[in-house]
Amino acid sequence: ETGVTQSPTHLIKTRGQQVTLRCSSQSGHNTVSWYQQALGQGPQFIFQYYREEENGRGNFPPRFSGLQFPNYSSELNVNALELDDSALYLCASSEGTELAKNIQYFGAGTRLSVL
Amino acid sequence: AQKVTQAQTEISVVEKEDVTLDCVYETRDTTYYLFWYKQPPSGELVFLIRRNSFDEQNEISGRYSWNFQKSTSSFNFTITASQVVDSAVYFCALSEAPGNQFYFGTGTSLTVIP
């Protein structure tokens, strides 16, 4: 086990709703990155949080937003849900922001279904 | 453009066979890192290995080995004497240093048949 926990495990929402996903990072890790993994695809980088601020974003619209708390845990919020948002959302924690040099440890993900 | 290509979508092998998973990457940076992750049915991505662009030495860890060739932009992964527990989706990934972007390939689903 990686020590990274995500909740909830599964979630069903309808189009237009808002959702919040949660992630607790591994002890000692100050950086959290979020990924979206569509069915049959590789994970796509959404954004990274460090010191409670967004520190880099992939090609995702502003309706994807996040928070990081003083204990380094994090939330991913998605507004105005679309059908294409249905995916496995993965959270990864690391000791630093440079993902080349700091190994990421992943949680088991939250499976979001948008109907 | 896809930075990491895993052309093999699905592979099935019989237990104890050797299997090689291919990975081709694309980058203009001179400093970069390559990774392999394993994703079992539980969903959690498990880190397997990281190599930097300056180290082309092949690596062996138990039944796993990795072949990094900059000349062909490839970082292939071989499992020797495969076991049923090796069944999973395997992802190759690239990160360009410095930076906080991480690019996964589309994955190769490996099924080991007993």
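Please read all numbers here as calculations on a predicted model, not as lab measurements. (Residues numbered from 1 in each chain as written. Chains lettered and ligands numbered in written order. Predicted model: local features only at pLDDT ≥ 70, side-chain atom pairs only at ≥ 80, totals over all residues. Heavy atoms only, no water.)

Caption draft 1: Spotlight on the interface of chain A and chain B. Every contact between the two is made by 27 residues of chain A and, on the other side, 21 residues of chain B. Looking at the side of chain A facing chain B, the largest losses of area belong to A100, I103 and F106 of chain A, adding up to 28% of the total buried there. Connecting chain A to chain B are 5 residue pairs in polar contact (both at pLDDT 80 or more). Partitioned by chemical class, the residues of the side of chain A that touches chain B number 10 nonpolar, 13 polar and 4 charged. (Contact = heavy atoms within 4.5 Å. Buried area = accessible area lost by both parts, 1.4 Å probe. Polar contact = N/O pair within 3.5 Å; in protein donor to acceptor, adjacent residues only side chain to side chain. Nonpolar A, V, L, I, M, F, W, Y, C, P; charged D, E, K, R; others polar.)

Caption draft 2: Structural detail: the sheet that holds strand β3 (residues 19-24) of chain A. All names here are of chain A. Spatial ordering of the open sheet is given by β1-β3-β8-β7, a layout of 4 strands whose pairing is antiparallel. Two strands in the sheet have a free side with no partner beyond their single neighbour: β1 (5-7) and β7 (64-68). Neighbour-to-neighbour, the strand axes of this sheet turn through a mean angle of 20 degrees, independent of strand direction. As paired strands, β3 and strand β8 (residues 74-78) are joined by 5 bridges and run antiparallel to one another. Counterpart to R22 in the pairing with β8 is E75. (Pairing = 2+ DSSP bridges. Helix = DSSP H or I, 4+ residues; strand = E, 2+ residues; numbered from the N terminus. Axes fitted to C-alpha atoms, helices over the stretch in contact; angles between N-to-C directions.)

Caption draft 3: The pattern of salt bridges, seen in detail. Residue and element names in this part refer to chain A. This model, assessed by the stated rule, comprises 8 salt bridges over all chains. Residue R22 is joined to E75 by a salt bridge in which the shortest nitrogen-to-oxygen separation is 3.5 Å. Of this pair, R22 sits in strand β3 while E75 sits in strand β8, and the two are 53 residues apart along the sequence. In this structure, R63 engages D85 in a salt bridge whose closest nitrogen and oxygen atoms are separated by 2.8 Å. Here D85 lies in the loop between β8 and β9 (87-94) and R63 lies in the loop between β6 (53-57) and β7, a separation of 22 residues in the sequence. Each member of the pair, R63 as well as D85, carries the same accessibility label: buried. The network of salt bridges with shared partners includes R63, E82 and D85. (Salt bridge = Lys/Arg side-chain N within 4 Å of Asp/Glu carboxyl O. Buried < 20%, exposed > 50% of the residue type's maximum accessible area, 1.4 Å probe, protein only.)

Caption draft 4: Inspection of the state of the cysteines at higher detail. Tallied over the entire structure, the rule returns 2 disulfides over all chains. Residue pairing for C23 of chain A: its cysteine sulfur links by disulfide to C91 of chain A, the two sulfurs lying 1.7 Å apart. Across the S-S bond linking C23 of chain A and C91 of chain A, the dihedral sits near -50 degrees, which makes this disulfide left-handed. Here C91 of chain A lies in strand β9 and C23 of chain A lies in strand β3, a separation of 68 residues in the sequence. By relative accessible area, C91 of chain A is classed as buried at 0%. In this model, C23 of chain B is linked to C92 of chain B through a disulfide, with the two sulfur atoms separated by 2.0 Å. Residues C23 of chain B and C92 of chain B share a disulfide whose torsion about the S-S bond is about -65 degrees; that sign makes it left-handed. Of this pair, C23 of chain B sits in the loop between β3 (19-21) and β4 (24-25) while C92 of chain B is found in strand β10 (residues 88-96), placing the two residues 69 residues apart along the sequence. Taking the relative accessible area as the measure of exposure, C92 of chain B reaches 0% and is therefore buried. (Disulfide = S-S within 2.5 Å.)

Caption draft 5: Molecular detail of the pairing of β10 of chain B. Residue and element names in this part refer to chain B. Within β10, 8 of the 9 residues are buried, which leaves it mostly tucked inside the rest of the structure. Direction of pairing for strand β5 (residues 32-39) relative to β10: antiparallel, over a ladder of 8 bridges. When the bridges of β10 are listed, L34 appears paired with L94. Relative to strand β12 (residues 108-113), β10 is paired through 3 bridges, and the arrangement is antiparallel. In the sheet register, Y90 faces β12, and the bridge partner there is T108. In this structure, β10 lies alongside strand β11 (residues 103-104), joined through 2 bridges in antiparallel fashion. Paired with L94 across the bridge in β11 is Y103.

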